[in-house]
Amino acid sequence: LRAMALRHKLNRLRYKAPQESFWQDLLGLYQKARSRNLATLGIRPYNEDGANTSIQSELLRVLLFEAAPLENLSSEQIECLDRFLCGFLDKAVLRDAPNAQTMFCFEPGKGRGPGRFDPDRPPAGGLFFGPWGAYLEATQALAALDKGQEVAWLQGAPGEGASQLALLRALNFAWSANPPKRIFPREEAAGTMLVVHDFVQVRRMVAASAFARSGRQIEFSASYEFRARIQDEYFGSVDQPNSPPPEVSPDEEQEILTPSEILERLELAGDREQMEIWTAIDRSAEGIGCIVPHQKKWLRVSTVIGYRLPGEIDWQIAVLRRLGRTAEGRRLAGLQLLRGIPAAVYVKAVEGAAHPGQPVAAHALTDFSDGILISAESETLLLDTAEINLDDCLLMVGAGQQQTVVVSEILDQLPGLTVLRYSPASPAA
């Protein structure tokens, strides 16, 4: 059972669901040990240091592990979850009959993992379990982290503070007596979508959409004309001053492109390997479910991606919140949409409000950081940094505006990124 528990964890780290035979073998071993009165016998496997374990404890470890929202957890959070369960298995409950401490059940013969216990439709038989005391430990740890206090069992655990906090919040929701339910109905969808990852690539696509919407044309000769003008000013020219420009024949006039054609050319101007085509299978008002064509190293929970749907000109932003696999083994991804028409901006921490009459010149943007204005209406911003705090004062330049804002709320801490809500700074800020 210890070996099966470790194999189960490794498969879940790859977001692979266990097969039916796994649950049958797991239950068969437990029932065989129980028939011989060995299920609760304390042993120390592999001469490991630490507390004794038992067959029942190892079974409970697998069941509680599977009852967690694994598809919404990163690899570091899954490792941290396993460490948490190993430390507090003695406070969990496993029974033959349900009671107030058991909210999950494992039905034999179903060939599937555990699920929520429904009192209105009790199973004919099975095992009933719940985290109980372990849930209380997770709730207390969550309260301590919210207050900035240290938690002993989290010292040296995988993941950073924000990742551990997100794990505890996920467990608090998933293991509560009244688990959260889907707010927005999900409908089937069919079609493809373009996807890029990495903050730099996402911001580049957002800027490409803004350029295409502006109505400007791509001037391929502009850089050469600028260099020629500089060369003339430096070394002189044999042309007569104030001579009229050469006439341009109609065949040499620049081709007028539509916004969609401009966007397509800008998309293909970079590294084409950075852009992928995903297949949408369902969607709701706040999310899209997709099939990912290939496994990628960067494909992890909490990754920020940019996406564009067919027929649309706007690249938008989403966060990868769920990973799984179909019955055939194809990779599934669940995206949380960050609503709005994003724009590329530059952001810099400042002391107090900037004067509106002092515009920032283009050459003065060297000490600014890149940012993405997710939505001007909801006043949300994505920054390429995790070093941001409430009430920080920021100078934001771009999207046809320059304003000083104050961080009013940290909406999410992603790996190396921050999603925040801001409010305009008062003159005395």
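A quick note: this is a predicted structure, and the numbers were derived from the prediction, not measured.

Q: Go over the sheet that holds strand 7 (residues 287–292), please, and point to the residues and values.
A: In space, the 6 strands of this closed barrel follow the order 5-6-7-10-9-8, with antiparallel pairing throughout. Adjacent strand axes in the sheet meet at a mean angle of 45 degrees when their direction is disregarded. Across 8 bridges, the pairing between strand 9 (residues 316–325) and strand 10 (residues 331–338) is antiparallel. Bridge pairing links Val 319 to Gln 336 in strand 10.

Q: How would you sum up a nonpolar patch on the surface? Please name residues and give values.
A: A cluster of nonpolar residues, Leu 38, Leu 41 and Ile 43, forms a patch on the protein surface that exposes about 250 Å² of accessible area. Mapping Ile 43 onto the fold places it in the loop between helix 2 (20–35) and helix 3 (55–66). Overall, Ile 43 belongs to the partly exposed group, its relative accessible area being 42%.

Q: Any details on the environment of Lys 91? Residues and values, ideally.
A: Mapping Lys 91 onto the fold places it in the loop between helix 4 (75–88) and strand 1 (93–95). Sequence-wise, Lys 91 and Glu 137 are 46 residues apart; in three dimensions their C-alpha atoms are separated by 9.1 Å. Setting aside residues no more than four positions away along its own chain, Lys 91 makes contact with Pro 131, Trp 132, Gly 133, Ala 134 and Glu 137.

Q: Summarise empty space enclosed by the protein; cite the residues concerned and give the values.
A: Applying the stated criterion across every chain yields a total of 1 cavity of 30 Å³ or more. The volume enclosed by the largest cavity comes to roughly 30 Å³. Going through the elements one at a time, helix 1 (2–13) and helix 3 are the ones with two or more residues in the lining of the largest cavity. Considered class by class, the residues forming the lining of the largest cavity number 3 nonpolar, 1 polar and 3 charged.

Q: I'd like a rundown of the packing of aromatic side chains, residues and numbers included.
A: According to the stated counting rule, one finds 9 aromatic pairs in the structure shown. Aromatic pair Phe 22 and Trp 23: ring centres 5.0 Å apart, planes at 75 degrees, arrangement edge-to-face. Using a relative accessible area of 3% as the deciding quantity, one classes Trp 23 as buried. Judged by centre distance (5.2 Å) and plane angle (45 degrees), the rings of Phe 84 and Phe 88 are tilted. Of this pair, Phe 84 and Phe 88 both sit in helix 4, 4 residues apart, roughly one helical turn. By relative accessible area, Phe 84 is classed as buried at 1%. Connected via pairs of aromatic rings, a cluster forms that spans Phe 84, Phe 88, Trp 153 and Trp 175. Lying over the aromatic face of Tyr 346, Arg 203 brings its terminal NZ or CZ to 4.8 Å of the ring centre.

Q: Please provide a residue-by-residue account of the pattern of salt bridges, values included.
A: Across all of its chains, the model carries 19 salt bridges by this definition. A salt bridge links Arg 12 to Glu 66, with the nearest nitrogen and oxygen atoms 2.4 Å apart. Here the residue Arg 12 occupies a position in helix 1, and Glu 66 occupies one in helix 3, the gap between them amounting to 54 residues. In this structure, Arg 12 and Glu 66 share a single accessibility class: buried.

Q: For helix 6 (residues 161–174), give the residues involved together with the corresponding values.
A: Taking 1.5 Å per residue as the helical rise, helix 6 with its 14 residues ought to reach 20 Å, and the 20 Å between its terminal C-alpha atoms agrees with that figure. For helix 6, the secondary structure elements touched by its buried residues are helix 4, strand 2 (104–106), strand 3 (115–116) and helix 5 (133–146).

Q: Help me get a handle on the pairing of strand 12 (residues 369–375), residues and values and all.
A: The element strand 12 is largely enclosed, with a buried count of 5 among its 7 residues. Pairing of strand 11 (residues 343–349) with strand 12, which is carried by 5 bridges, proceeds in the antiparallel orientation. Looking across to strand 12, one finds that Tyr 346 is bridged to Asp 370. Alignment of strand 12 against strand 13 (residues 380–383), held across 4 bridges, turns out to be antiparallel. Of the residues in strand 13, the one forming a bridge with Ile 372 is Leu 382. Between the antiparallel neighbours strand 12 and strand 13 lie 4 residues, among them Glu 379 with a positive phi of about 55 degrees.

Q: Pulling in residues and values, what's your account of the sheet that holds strand 11?
A: With antiparallel pairing, 6 strands are arranged side by side around a closed barrel as 11-12-13-16-15-14. On average, each strand axis in the sheet is inclined to that of its neighbour by 45 degrees, with strand direction left out of account. Together, strand 11, strand 12, strand 13 and strand 16 (417–424) form the strand contacts of helix 7 (residues 199–214), whose direction differs from that of strand 12 by roughly 60 degrees.

Q: Got a sec to walk through the packing of helix 1 against helix 3? Specific residues and values, please.
A: Between helix 1 and helix 3, the shortest axis-to-axis distance is 9 Å and the interhelical angle comes to 15 degrees. Our classification of the angle between helix 1 and helix 3 gives roughly parallel. Crossing angle aside, the handedness with which helix 1 passes helix 3 is left-handed. Where helix 1 abuts helix 3, its residues Arg 2, Ala 5, Leu 6, His 8, Lys 9 and Arg 12 lie against Glu 58, Arg 61, Val 62, Phe 65 and Glu 66. Each residue belonging to the contact of helix 1 with helix 3 can be placed in one class, and the counts come to 4 nonpolar, 1 polar and 6 charged.

Q: Now, about the environment of Ala 174: what can you tell me, with residues and values included?
A: Mapped onto the secondary structure, Ala 174 falls in helix 6. Take Ala 174: its relative accessible area is 17%, and that puts it in the buried class. Discounting residues that sit within four places of it in the chain, Ala 174 has contacts with Pro 69, Phe 104, Arg 116 and Pro 179.

Criteria and thresholds
Residues numbered from 1 in each chain as written. Predicted model: local features only at pLDDT ≥ 70, side-chain atom pairs only at ≥ 80, totals over all residues. Heavy atoms only, no water. Pairing = 2+ DSSP bridges. Helix = DSSP H or I, 4+ residues; strand = E, 2+ residues; numbered from the N terminus. Axes fitted to C-alpha atoms, helices over the stretch in contact; angles between N-to-C directions. Patch = residues over 30% accessible without salt bridge, like charges linked within 9 Å, V, L, I, M, F, W, Y side chains within 5 Å. Areas by Shrake-Rupley, 256 points an atom, 1.4 Å probe, with all protein chains shown as cover. Salt bridge = Lys/Arg side-chain N within 4 Å of Asp/Glu carboxyl O. Buried < 20%, exposed > 50% of the residue type's maximum accessible area, 1.4 Å probe, protein only. Contact = heavy atoms within 4.5 Å. 1 Å grid on protein atoms, 1.4 Å probe; cavity = no way out; pocket = protein on both sides within 12 Å on 5 of 7 lines; lining within 4 Å. Points joined across faces, edges and corners; volume = space filled by probe spheres on them. Nonpolar A, V, L, I, M, F, W, Y, C, P; charged D, E, K, R; others polar. Phe/Tyr/Trp six-rings, centres within 6.5 Å; stacked < 30°, edge-to-face > 60°. Lys NZ or Arg CZ within 6 Å of the ring centre and 35° of its normal. Expected span 1.5 Å × (residues − 1). Parallel < 35°, antiparallel > 145°, perpendicular 65-115°, else oblique. Left-handed = near helix turned anticlockwise from the far one by under 90°.

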